[in-house]
Structures are given as C-alpha cells and as structure tokens.
Amino acid sequence: MSKIDRRPSKGLRHRIYVFGGSMVLMIILVGGLFGMAALRSIWSYQDIMTQMTDVQQLKGQVSTVSEQVQNRVVNGVENITECISTWEELNEKIQQLDLLESSSTLRLLAEDLQAYQRGTASDFYVLIRESEPEKIMEYYQEFLTHQDDRLFLCDQILKNLTEHMSSRYETILRQNAVSLALFAVLILSLLLLTGCFSFEMAEDVYQPVQRLTGQAEKIMEGDYQMEDLPVAQQDEIGQLTEAFNAMKNRVRENFQNQEELWRLESLLQDAEFRALQSQVNPHFLFNVLSVATEAALLENADRTVDIIEHISYMLHYGLTSVREDSWLADELKMVRSYLFLQKERFGDRIAFLDSTPEELPVMRIPGMTLQPIVENAVKHGVERMTAGGKIEITLRQTPEAVEVCVEDNGCGIPQEKVDALNRGETVPGDSRSTGLGIANVRSRMAIFYKQEGLLKVESRDGEGTKVCLKYLVQEEIQDVPGTDRG
C-alpha cells in the first residue's frame with residue numbers, strides 16, 4: 001500500500017497518460033514514414049533492377065542467335081531447328097518486353113525495338129533456308145547488321161534505365177532527409193517532455209528514464225551500436241523503452257540502406273563509362289581530318305592512306321568496343337595510332353617516343369585507360385610548345401604487374417594538384433576531350449582490379465609530368481588476337 005501511496009496524483013497520472021500516448025503516436029507516425037519510405041525505395045529499385053536484368057538477358061539471347069547462325073553459315077553446322085527455336089524465343093521476348101509506364105522515352109525505345117523486330121524478322125528465315133553460298137553470305141551480312149541494331153537499342157534501354165535509377169536515387173535522398181528531420185524532432189520532443197516530468201516521477205520511474213536519456217544522447221552523437229535497453233516494467237515507461245529500441249534499430253537499418261545506395265552510385269559510374277565509350281571528340285576529329293585533307297593535296301597517296309588507316313582504327317576501337325576490358329596490345333595500338341596522327345599534326349615540334357617492347361605481355365586490361373593519359377600529356381603538356389616537346393611511353397614488367405608510364409617535358413602540374421590527383425580527386429582543369437579525366441581512369445582501374453593505388457602522378461611545375469598505370473597480372477586467355485605496332 002505504501003508504494004501505491006507514492007504514485008502520482010490523479011492530475012499527474014493524467015498528464016503521464018497524455019505524455020505516453022503522445023509519445024507512442026509520434027513513434028508510430030515516424031515509424032510508418034520510415035517504413036513507407038523504405039518500402040517505396042525497395043520496390044522502386046527492385047522493379048528497375050528486374051527490368052535491367054530482363055534487358056541483359058535479351059542481349060544474351062541476341063548474342064546466342066548470332067552464334068548459332070554463325071555456326072550454321074560459317075562453320076557449316078546443321079542446326080536449323082535449333083536456330084529457329086532460339087529465334088522464335090527471342091522474338092517472343094522482344095514482343096513481350098514491358099518497361100516503365102511512367103517513362104515515355106523507355107516506352108518509345110521498347111516500341112522501336114519491337115517494331116524493328118517485326119520489320120526484320122522475315123530476313124532471318126530467308127537466310128536460314130537459303131542454300132546458295134553467294135546469297136547466304138549476302139543475307140548473313142544483313143542479318144549481322146540487324147543484330148547490331150538490336151544490341152544498340154538494348155544498350156539505349158539500359159542507359160535510360162540507369163538514368164531513371166539515378167533520378168530515383170535523388171528523390172530517395174530527399175525523402176530520407178525529411179524522415180531524419182522528423183526523427184530529430186521526435187528525439188528533442190521526448191527529451192523535453194522527460195525533463196518536465198522527471199521532478200514528479202517516483203523512484204521506480206526515474207532510473208529507467210535516466211537510462212533512456214543517456215542512450216538518446218549517444219544517438220545524437222552518432223552511436224547506434226548500443227545494446228537494447230532492458231524493459232523492467234510493463235507500464236508506460238516500459239512501452240517507451242520498447243518503442244525507443246525499435247526506433248533506434250530502424251535508424252541503424254536506414255544507415256545500412258544508405259551504404260547500399262552508395263554502392264549503386266558506383267555502378268552508375270561504370271554505366272556512365274559505357275556511355276562515354278561511344279563518344280568521339282569532334283575537335284580532335286576535325287584536326288585529324290584537316291591533316292588528311294592537306295596530305296591528299298600536297299603529298300602522295302601513300303601518306304594519306306596511312307593517315308586514314310590510323311583514323312579508321314581509332315574510330316573502330318572507340319565506337320565498336322562496348323566491353324569494359326581490352327587486350328593490352330590493342331590499347332597500345334590505339335595509342336600508337338593516336339600518336340601517329342598527332343605527329344602528322346605537329347611535325348618536328350613534338351617527338352613521340354614509344355619505348356615499349358616488340359613482344360607485349362598477353363593480358364586483359366580495362367579499356368580506354370591509357371589513351372586518355374596520352375591525350376592529356378599532349379593537350380595539357382606539350383601542345384603549346386613551339387619546339388622541343390617530347391612524350392615517351394615506357395613499359396616495365398614484373399611478376400605481379402605491368403607498369404606503363406607516359407612522361408612529357410611540358411609545363412607540369414602544381415604540387416597541390418598532384419597530391420589531389422593521387423588522392424583520387426577531380427581538380428579544376430582536369431576535363432579531357434574524351435570525357436575521361438585522370439580521376440575517372442583511376443576509378444576504372446580500381447573497379448576492374450578491386451584495388452586502389454594503381455595510378456600515380458609525378459610532376460613538378462614547369463618541369464613535365466609522368467603518369468604511371470599499374471596493370472595487375474591475372475589469369476589470362478591465351479587466344480589473343482594478332483596485333484602489330486601500328
């Protein structure tokens with residue numbers, strides 16, 4: 001009975017009930033907001049990822065059809081039934097393709113792919129049933145063109161899905177900011193109400209509230225890893241403790257979801273690189289074509305042929321290679337074509353030294369990582385020099401890696417910018433005509449090898465710059481295409 005006498009008066013009890021009810025209501029509202037925001041995020045990304053998976057599978061089906069038709073036409077394999085079956089399955093998947101209704105661009109791309117499939121489907125059957133060799137090769141070339149067009153449309157759909165995912169990511173960030181603001185308001189409200197009522201609480205209420213306040217202060221400092229508070233009594237304070245534990249766990253889960261969003265941002269950078277691979281610098285092409293025109297007018301045709309061949313190889317490498325990796329020999333051949341054209345442009349003003357060995361290591365590397373570094377050395381290192389410019393490419397091989405260095409004797413880079421580049425930061429003036437700066441090349445290397453620190457910049461202001469790329473040795477496919485030194 002003595003304990004009952006120590007309980008709050010009726011008025012105080014009423015205020016405690018009001019306090020407890022208000023607190024629970026706020027927790028339910030914020031918890032509902034968190035839950036709804038999380039569910040919307042999960043459903044939205046799940047839908048987009050499912051659609052991206054469907055389109056990737058569709059690309060795989062297109063490649064499968066191409067391989068089967070190649071086996072029949074080129075290798076003479078009798079697989080007409082298999083070809084027709086796979087083709088009909090591909091045709092059915094394309095016609096059933098259903099993308100986001102809210103995106104008119106994606107809907108139009110899907111309709112274009114479906115219309116293109118309907119318009120070219122008959123060509124497949126003409127090819128697969130043709131028996132005359134000359135006509136077979138003619139129809140086969142048309143079929144390959146159609147397959148390339150289908151793959152291009154699939155890539156455009158994937159690009160737009162990625163952009164849609166990026167826009168959804170920004171919306172989710174804004175929603176999370178609102179949810180966190182509501183959470184902060186809830187914490188402040190709970191602390192204020194607890195302070196007002198703590199003077200009137202009995203000893204059996206004060207200690208639990210004190211522990212609750214201590215944990216709330218830790219949360220405000222950013223510590224969400226504490227153990228849940230024990231629920232000692234099944235009363236209003238006990239309900240508050242349970243609700244607080246649940247709220248803390250929800251916030252911790254929200255931060256884990258945030259880390260997942262950061263991982264998706266890394267994937268978007270990779271998708272951005274695929275889009276950049278299909279771009280060509282108009283200014284550079286203009287200069288190169290001007291050189292070709294001058295050569296055609298002033299010199300013999302052999303020089304012009306050399307120029308055009310190098311241009312053609314660069315265009316082929318830059319526009320048709322949608323893979324994220326290439327052979328080291330192919331990347332160096334691309335660089336040599338680029339340097340050949342720049343030599344034609346600058347003449348004796350700049351010397352280009354290729355000190356790489358004749359026999360190159362057989363290895364796969366991330367594509368379009370060396371050429372942007374060489375282009376950067378030309379544009380920002382020696383392009384403005386009237387005489388005596390020099391760019392040298394060297395290669396050093398160890399059992400663990402192949403290190404390729406590009407060194408120029410140009411104007412150099414201030415030390416603070418060198419330090420920023422070596423930390424992976426993008427500095428002012430680091431944009432490139434290819435769209436791939438040093439920071440982006442570093443990111444590509446880190447994603448490909450899953451390791452940081454593979455690009456190093458050395459420079460002194462006014463004394464030139466040296467950039468080294470370290471390509472790690474991995475288990476390689478030995479069937480490497482033939483290459484030469486351009």
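Below or above, wherever it landed, is the structure these notes cover. The structure presented is a predicted model; accordingly, all values stated were derived computationally and were not measured.

Concerning the overall build of the protein chain
Counting secondary structure elements, the protein chain contains 13 helices and seven strands. The contacts of the protein chain with a sequence gap of at least 6 include a subset with a gap of at least 24, amounting to 73%. Surface summary for the protein chain: the accessible area is close to 26,800 Å², and the carbon and sulfur share equals 53%.

A word on the packing of aromatic side chains
With the rule as written, the count across this model stands at five aromatic pairs. Between Phe448 and Tyr449 the ring centres are 4.8 Å apart and the planes differ by 85 degrees, which places this aromatic pair in the edge-to-face class. No difference in accessibility class separates Phe448 from Tyr449, as the two residues are buried. Through pairs of rings, three or more aromatic residues link up here, namely Trp87, Phe124, Tyr125 and Phe143. One Lys or Arg, Arg364, reaches over the ring of Trp327 and ends 4.5 Å from the middle of that ring.

Quick notes on helix α11 (residues 371-382)
In this model, α11 (twelve residues) spans 16 Å end to end at C-alpha, consistent with the 16 Å of a helix rising 1.5 Å per residue. Within α11, ten of the twelve residues are buried, which leaves it mostly tucked inside the rest of the structure.

Describing the pattern of salt bridges
For the structure shown, the criterion picks out eight salt bridges. Among the ionic pairs, Glu89 bridges to Lys93, the shortest N-O distance being 3.8 Å. Remark: Lys93 and Glu89 occur in helix α3 (residues 80-95); sequence separation between them is four residues, near one turn of the helix. Residue classification places Glu89 among the partly exposed residues on the basis of a relative accessible area of 38%. By relative accessible area, which is 34% here, Lys93 ends up partly exposed. Asp325 is the salt-bridge partner of Arg364, the closest N and O atoms lying 3.5 Å from each other. One end of the pair, Arg364, is in strand β3 (residues 364-366); the other, Asp325, is in strand β1 (residues 325-327), with 39 residues separating them in the sequence.

Describing the side chain of Arg442
Looking at the secondary structure, you find Arg442 in helix α13 (residues 438-449). Here Arg442 is buried and forms no salt bridge, its nearest opposite-charge partner Glu452 lying at an N-O distance of 5.7 Å. Ignoring sequence-local partners within four residues, the contact set of Arg442 consists of Leu421, Asn422, Gly424 and Leu455.

Details of the packing of helix α10 (residues 328-346) against α11
Relative orientation of the contacting elements α10 and α11 amounts to 20 degrees, with a least axis distance of 9 Å. Between α10 and α11, the angle is such that the two are roughly parallel. Regarding α10 and α11, the two cross each other, and that crossing is right-handed. On α11, the residues that touch Glu331, Met334, Val335, Tyr338, Leu339, Gln342 and Phe346 of α10 are Gln371, Val374, Glu375 and Val378. Along the lines of polarity and charge, the residues of the contact of α10 with α11 split into seven nonpolar, two polar and two charged.

A short note on the state of the cysteines
This structure, assessed with the given rule, holds one disulfide. With its sulfur 2.1 Å from that of its partner, Cys405 forms a disulfide with Cys468. Across the disulfide from Cys405 to Cys468, rotation about the S-S bond amounts to roughly 110 degrees, and the bridge is consequently right-handed. Of the two residues, Cys405 is situated in strand β5 (residues 401-408) and Cys468 in strand β7 (residues 465-472); the sequence distance between them amounts to 63 residues. The exposure class of Cys468 is buried, given its relative accessible area of 9%.

Some details on a nonpolar patch on the surface
Together, Leu39, Ile42 and Trp43 line one region of the surface with nonpolar side chains, adding up to about 320 Å² of accessible area. Take Trp43: it is sitting in helix α2 (residues 10-73). Here Trp43 falls in the exposed class, since its relative accessible area comes to 52%.

Description of the side chain of Gln147
Note on placement: Gln147 falls in helix α5 (residues 133-197). For Gln147, a relative accessible area of 2% puts it in the buried group. Within polar-contact distance, the side chain of Gln147 engages the side chain of Arg150 at 2.5 Å. Apart from the residues within four sequence positions on either side, Gln147 is in contact with Val62, Val65, Ser66 and Trp87.

Rules and cut-offs
- Here the residue index of a chain counts from 1 through its sequence in written order.
- For a predicted model such as this one, the threshold for reporting local features is a pLDDT of at least 70, and the threshold for listing and counting side-chain atom pairs is 80 or more; totals across whole chains, interfaces and linings nevertheless cover every residue.
- Heavy atoms from the whole structure form the basis of all side-chain values; hydrogens and water molecules are not counted.
- Helix and strand definitions here come from DSSP, where helices need a minimum of 4 consecutive H or I residues and strands a minimum of 2 consecutive E residues; each element is numbered from the N-terminal end.
- Throughout, a residue-residue contact means that at least one pair of heavy atoms, one from each residue, lies within 4.5 Å.
- Throughout, the Shrake-Rupley method with a 1.4 Å probe supplies accessible areas, and for residues the shown protein chains are the sole cover considered.
- Centre distance within 6.5 Å is the pairing criterion for rings of Phe, Tyr and Trp, where only the six-membered ring of Trp is used; planes under 30 degrees apart are then read as stacked, over 60 as edge-to-face, and the remainder as tilted.
- To sort residues, take the accessible area from a 1.4 Å probe on protein chains only and compare it with the maximum for the residue type: under 20% means buried, over 50% means exposed, and anything in between is partly exposed.
- Whether a charge sits over a ring depends on NZ of Lys or CZ of Arg being within 6 Å of the ring centre and within 35 degrees of the ring normal.
- In this scheme, a helix's expected span is set at 1.5 Å multiplied by one less than its residue total.
- Here, a salt bridge means any side-chain nitrogen of Lys or Arg that lies within 4 Å of a carboxyl oxygen of Asp or Glu.
- His is not counted, nor are the chain ends, whereas Lys and Arg count as positive and Asp and Glu as negative.
- With axes taken as lines fitted to C-alpha atoms, and helix axes fitted only over the stretch in contact, angles between N-to-C directions fall between 0 and 180 degrees.
- Angles are sorted into four bins: roughly parallel if under 35 degrees, roughly antiparallel if over 145, roughly perpendicular if 65 to 115, and oblique for all others.
- In this scheme the handedness of a crossing depends on how the near helix is turned from the far one: anticlockwise by less than a right angle means left-handed, clockwise means right-handed.
- Residue type decides the class: Asp, Glu, Lys and Arg count as charged, Ala, Val, Leu, Ile, Met, Phe, Trp, Tyr, Cys and Pro as nonpolar, and the leftover types, Gly among them, as polar.
- We call a pair of cysteine sulfur atoms a disulfide when they lie within 2.5 Å.
- For patches, a residue must show more than 30% relative accessible area and have no salt bridge; joins then use 9 Å for like charges and 5 Å for nonpolar side chains, namely Val, Leu, Ile, Met, Phe, Trp and Tyr.
- In protein, a polar contact means a hydrogen-donor-capable atom and an acceptor-capable atom, both N or O and within 3.5 Å, with residues adjacent in sequence counting only if both atoms are side-chain atoms; elsewhere, any N or O pair within 3.5 Å suffices.

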